[in-house]
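An overview of the molecular structure
Now for the letters of each chain:
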Amino acid sequence: MLRTRATLPVRVVAVLAGAVLVSPAGAAATATRAAAAHRPCPTVEPPVRPPAAPSPPPVDRADAEVGGEALATPGLAAPAGTPRAPAVTATAWVVADLGSGQVLGGCAPHEHRTPASVQKLLLAAALMPRLDPNQVVEVKRDDLRDLDPESSLMGVVAGGRYTVEELWLGLLLESGNDAANVLARVGGGAAGRAGGVQVMNDEAHRLRANQTHAATPSGLDGPGQYTSAYDLALIARAAFAREDFRRYIGTPTAHVPAQRGRGALALAGDNALLGRYPGMLGGKTGFTDLARQTYVGVAERDGRTLVVALLGAETAPLGSLGEATALLNWGFGLAPDKSVGQLVAPEEKKRKDDRLVVAAGGDGAGAGGSSSLGLPAALGAGAVLLTILLGVLTSRRKGRAPS
């Protein structure tokens, strides 16, 4: 049984078909480099040690140095002369400043790990620019066919009609794997769900998240699916740059009213730090048997906005949320000029056909109910094309590429 909650029993790993079994300590290191001087990560032993697990794929030396040579380590990267990083069970983590882009520290920042539901942030970063939040889509049976009913679900039903906005809320609040499948299918256009996953991988490439490969839109385990703590910081920066994403992820509860063909849904956020940790803007939890507990969260304090991304954590003694809290506190306690690397800028080229699915990828328009969040009415197809054309003409006048 696979779930995407962060509250279940646990075990550590990244997945690759045909991998050799090694110990958890061995899985934390790859035999590809000795770039930075190795410093062991501060760790705490969980009450129950996880069993042996498949070894993650090795990291190319050039990829390991993205963001700075100090990040090319399977151990600890932390500024000299600063307080010791907290001991955690997570096998990989990064704390970075989203404003300056500075990486404040990390453990195995570029090492491959399995994402679980934090992969939904990549789905959002890739497809929110392509989908009209007011577009109404009908759920197909194929959207639900391969989902374990015991996994995290929004609760959509085949034949039910939902707005894209409602699906985003179900994805981010309830960690809905069903919502992920529907959004990927619609965002993938004629290629369907597989096309949506390809858009996710294209976006990871654009963001220079080189250790990230999606096999499923939800983060449920799939062959060759992996990410890294550093990549998750890049993905979070792209997602949190969007006002609509910040609004969704910062919503504690939402209500999807009943309509013909569907029942009412009460949605509640799964990030217990929202409203409890000072300055928390939002976060995403994850869990599968392979990934263990995973978490990405962003908090703002004293003019600084920090992201924490952690992978491979255990439920005890602190759990992923407790470890995220400790790492954020550590990051906020560092001087602003202390860092070990940088979050790299995305590739300059524009994402292909970002806005075209607004008109072409849906299942029709109509009243789909309204959630507790109301976004402005979307532009029609002609207005969208006119807006794009005007943007291109304006940017050319200014001598720069379209944004």
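Each value, and the rule that gives it
- Each chain has its residues counted from 1, running along the sequence as written.
- Confidence filtering applies because this is a predicted model: local features only for residues at pLDDT of at least 70, side-chain atom pairs given and counted only at 80 or more, and all residues used for totals across whole chains, interfaces and linings.
- Where side-chain values are given, they derive from all heavy atoms of the structure, hydrogens and water being excluded.
- Axis definition: a line fitted to C-alpha atoms, over the contacting stretch in the case of helices. Angles run 0 to 180 degrees between N-to-C directions.
- The helix and strand labels rest on DSSP assignments: H or I over at least four residues marks a helix, E over at least two residues marks a strand, and numbering proceeds from the N terminus.
- In this scheme, roughly parallel covers angles under 35 degrees and roughly antiparallel covers those over 145, while 65 to 115 is roughly perpendicular and the rest are oblique.
- We call two residues in contact when some of their heavy atoms are within 4.5 Å.
- Three residue categories are used. Nonpolar comprises Ala, Val, Leu, Ile, Met, Phe, Trp, Tyr, Cys and Pro, charged comprises Asp, Glu, Lys and Arg, and polar comprises the others, including Gly.
- Per-residue accessibility, obtained with a 1.4 Å probe over protein chains only, is compared with the maximum for each type, and a residue is labelled buried under 20%, exposed over 50%, and partly exposed between these values.
- Here a pair means two rings of Phe, Tyr or Trp (six-membered ring of Trp) with centres within 6.5 Å. Their orientation is stacked below 30 degrees between planes, edge-to-face above 60, and tilted elsewhere.
- Two limits define a charge over a ring: the Lys NZ or Arg CZ must be within 6 Å of the ring centre, and within 35 degrees of the ring normal.
- Nonpolar core, defined: a set of buried Ala, Val, Leu, Ile, Met, Phe, Trp, Tyr and Cys residues in which side-chain atoms within 4.5 Å join the residues together.
- Pairs of N or O atoms within 3.5 Å make up the polar contacts considered here, provided that, within protein, one atom can donate a hydrogen while the other can accept it, and that residues adjacent in sequence are counted only when both atoms are side-chain atoms.
- To estimate how far a helix should extend, the number of its residues minus one is multiplied by 1.5 Å.
- Only strands joined by at least two bridges in the DSSP assignment are considered to pair.
- Salt bridge, as used here: a side-chain nitrogen of Lys or Arg that lies within 4 Å of a carboxyl oxygen of Asp or Glu.

1. A word on the packing of helix α6 (residues 177–187) against helix α7 (residues 192–207)
Contact geometry for α6 and α7: axes closest at 6 Å, N-to-C directions at 85°. Here α6 is positioned roughly perpendicular relative to α7, judged by the angle of their axes. Together, N181, A184, R185 and G187 of α6 and G192, R193, G196 and V199 of α7 make up the contact between the two elements. Grouping the amino acids of the contact of α6 with α7 by side-chain chemistry returns two nonpolar, four polar and two charged.

2. Observations regarding the environment of Q135
The residue Q135 is located in the loop between α3 (120–127) and β6 (136–138) in this model. Relative accessible area serves as the criterion here: at 7%, Q135 is assigned to the buried category. In this structure the C-alpha to C-alpha distance between Q135 and T163, which are 28 residues apart in sequence, comes to 5.4 Å.

3. Overview of the side chain of D244
Within the secondary structure, D244 is located in helix α9 (residues 243–249). Judged by its relative accessible area of 15%, D244 falls in the buried class.

4. Here's the deal with unusual backbone geometry
Along the chain, A316 connects to P317 via a cis peptide bond; the corresponding omega equals 10°. Positive phi, close to 60°, is recorded for A116, a residue that is not glycine. You can see A116 is positioned in the loop between β5 (102–107) and α3. Among the residues examined, A116 registers a relative accessible area of 0% and is labelled buried. A positive phi angle, near 65°, is found at R208, a position not held by glycine.

5. Here we look at the packing of aromatic side chains
Counted by the stated rule, this structure contains two aromatic pairs. Between W93 and W330, the aromatic rings sit 5.7 Å apart at their centres with planes inclined by 80°, giving edge-to-face as the arrangement. Residue W93 is located in strand β4 (residues 92–97), and its partner W330 is located in helix α10 (residues 319–332); the two are separated by 237 residues in the primary sequence. Neither W93 nor W330 differs from the other in exposure class; each is buried. Ring centres of F240 and F245 lie 5.0 Å apart, and the angle between their planes is 75°; this geometry places the pair in the edge-to-face category. The buried category is assigned to F245, whose relative accessible area is 0%. The cationic tip of R301 hangs over the ring face of F332; the distance from NZ or CZ to the ring centre is 4.4 Å.

6. Points about the nonpolar core
Among the nonpolar cores identified, the biggest contains 94 residues, and W93, M154, L167, W168, Y230 and F245 are the most heavily contacted of them. When residues in this core are grouped by element, the largest group, nine residues, is from helix α8 (residues 229–240). Apart from the residues within four sequence positions on either side, F245 is in contact with L121, A124, M128, L172, A239 and F240.

7. Topic: the side chain of R262
Here R262 lies in the loop between β8 (253–256) and β9 (265–268). Side chain to side chain, R262 and E166 meet in a polar contact 3.1 Å long.

8. Brief notes about the environment of L183
Within the secondary structure, L183 is located in helix α6. Under the relative-accessibility criterion, L183 is labelled buried at 1%. Along the chain, L183 and L131 lie 52 residues apart, while their C-alpha atoms are 8.7 Å from each other. The contact partners of L183, leaving out residues within four places of it in the chain, are L127, L131, V164, L167, W168 and L171.

9. Some details on α8
An ideal rise of 1.5 Å per residue puts 16 Å on 12 residues; α8 measures up with 16 Å between its terminal C-alpha atoms. Here α8 lies mainly inside the structure; 10 of its 12 residues are buried. Listing the buried residues of α8 in full gives A229, Y230, D231, L232, A233, L234, I235, A236, A239 and F240.

10. Points about α6
Here α6 lies mainly inside the structure; 11 of its 11 residues are buried. Listed in full, the buried residues belonging to α6 are N177, D178, A179, A180, N181, V182, L183, A184, R185, V186 and G187. Just beyond α6, the residue with positive phi is G189, at close to 60°.

11. Quick word on the pairing of β8
One face of the sheet, then the other: side chains in a regular strand alternate in exactly this way. On β8, burial follows the alternation: A254 and V256 on one face are buried, whereas T253 and H255 on the facing-out side are not. The pairing of β8 with β9 spans four bridges and is antiparallel. Bridged to A254 within β9 is L267.

12. Quick word on the environment of A313
Examined against the element boundaries, A313 turns out to sit in strand β12 (residues 304–313). Assessed through its relative accessible area of 0%, A313 is described here as buried. In this structure, the C-alpha to C-alpha distance between A313 and F287, residues 26 residues apart in sequence, is 9.4 Å.

13. Considerations on the pattern of salt bridges
Between side chains of opposite charge, a pair can form when the charged atoms approach closely. Inspection of every chain in the model, using the stated rule, returns 13 salt bridges. Between K284 and D270 there is a salt bridge whose closest N-O contact spans 3.2 Å. Residue K284 is found in strand β10 (residues 280–288), and its partner D270 is found in the loop between β9 and β10; the two are separated by 14 residues along the sequence. Residue K284 is classed as buried on the basis of its relative accessible area, which comes to 0%. Classification of D270 by relative accessible area gives buried; the value is 15%.

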